[in-house]
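# Analysis of the macromolecular model
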Amino acid sequence: MDAVEILKLIKGRRSVRRFTEKKVSPEALRTLIESAVWAPSGSNAQAWEFVVLESFEDKGLMDRLTPFLPGLSETPPAMIWLCVDMEKEKAKAGKLGVEVMGIMDISMAAQNIMLLAHGMGMATCAIRGFNEDVVRLALELPEHISPELLLVLGYPKEPGVAPARPPVEQNIHWCKFGNKSSV
Ligand SMILES: Cc1cc2nc3c(=O)[nH]c(=O)nc-3n(C[C@H](O)[C@H](O)[C@H](O)COP(=O)(O)O)c2cc1C
């Protein structure tokens, strides 16, 4: 895949919140997690954990969680809960790791998952507006495992609509903030 195709893949990914009935296979989910653990991580902490729910086994649990998820009206075929192991993060990267880098790390892992899922014909949506207590209880998370982001995924019922992005020039600052000229 050349750079043009990679950019096309990146621009083609959309947040989708409604999916077909088609299930996501455990093999596909495993491949997505494989992409996640190849993300970079601060201090190479790799302090991430992924709790995967799929509709083969976990439909009841997903049905119970979905009403607590902002933006979602239907239970998705699969969920990946991206968590940070705060003990591991602290041991590897200290205060900066716990307060900042762990979240950055799982964000990078999330983007790997979202792009690969898109390349595999699936769609995803990142969700952060969940109730942490509900999630902790439902997933039986130990105290040191912090749920930071949810990815819902499946095969899209409809193509997502791309929210407009401003021209790239608007957000580029050459050398100093506000400098719009590269020469
Ligand atoms: C960190 C993060 C949190 C998000 N949380 C939610 C959420 O709670 N509910 C939701 O419906 N969408 C959520 N989204 C999806 C955004 O609304 C979406 O990415 C944005 O509108 C841009 O659309 P696009 O992903 O199709 O480019 C979240 C996205 C990110 C990156």
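Below is a summary of the structure that appears in this document. Given the structure is predicted, the values throughout are model-derived calculations rather than measurements.

Thresholds, definitions, all that
- Residues numbered from 1 in each chain as written.
- Predicted model: local features only at pLDDT ≥ 70, side-chain atom pairs only at ≥ 80, totals over all residues.
- Helix = DSSP H or I, 4+ residues; strand = E, 2+ residues; numbered from the N terminus.
- Expected span 1.5 Å × (residues − 1).
- Bend = angle between axes of the 7 residues up to and from the residue.
- Pairing = 2+ DSSP bridges.
- Axes fitted to C-alpha atoms, helices over the stretch in contact; angles between N-to-C directions.
- Contact = placed C-beta atoms within 7 Å.
- Buried ≥ 20, exposed ≤ 12 C-beta atoms within 10 Å, placed from the backbone.

### Description of helix 4 (residues 86–119)
Taking 1.5 Å of rise per residue, 34 residues should cover 50 Å, yet helix 4 covers just 31 Å from first to last C-alpha, more than 12% shy of that figure. Approximately 135 degrees is the largest bend angle found in helix 4, and it occurs at Ala 93. Two residues or fewer after helix 4 comes Gly 121, characterised by a positive phi angle close to 90 degrees.

### Here we look at the sheet that holds strand 1 (residues 48–54)
With respect to topology, four strands assemble into an open sheet ordered 1-2-4-3, the strand pairing being antiparallel. Each edge of the open sheet carries a strand with a single partner, namely strand 1 and strand 3 (123–127). The mean inter-strand angle of the sheet, taken between neighbouring strand axes irrespective of direction, is 25 degrees. Here helix 4 sits on the sheet and contacts strand 1, strand 2 (78–85), strand 3 and strand 4 (145–154); the angle it forms with strand 2, its principal contact strand, is near 160 degrees. The sheet contacts of helix 5 (residues 132–139) involve strand 1, strand 2 and strand 4, and relative to strand 4 the element is tilted by about 85 degrees.

### Quick word on the pairing of strand 4
A large share of strand 4 lies buried, amounting to eight of its 10 residues. Where strand 2 meets strand 4, eight bridges bridge the pair, whose relative direction is antiparallel. Looking across to strand 4, one finds that Asp 85 is bridged to Ile 145. In terms of strand pairing, strand 3 meets strand 4 through five bridges, oriented antiparallel. Paired with Ala 123 across the bridge in strand 4 is Gly 154.

By themselves, these observations are geometric and do not establish any function.
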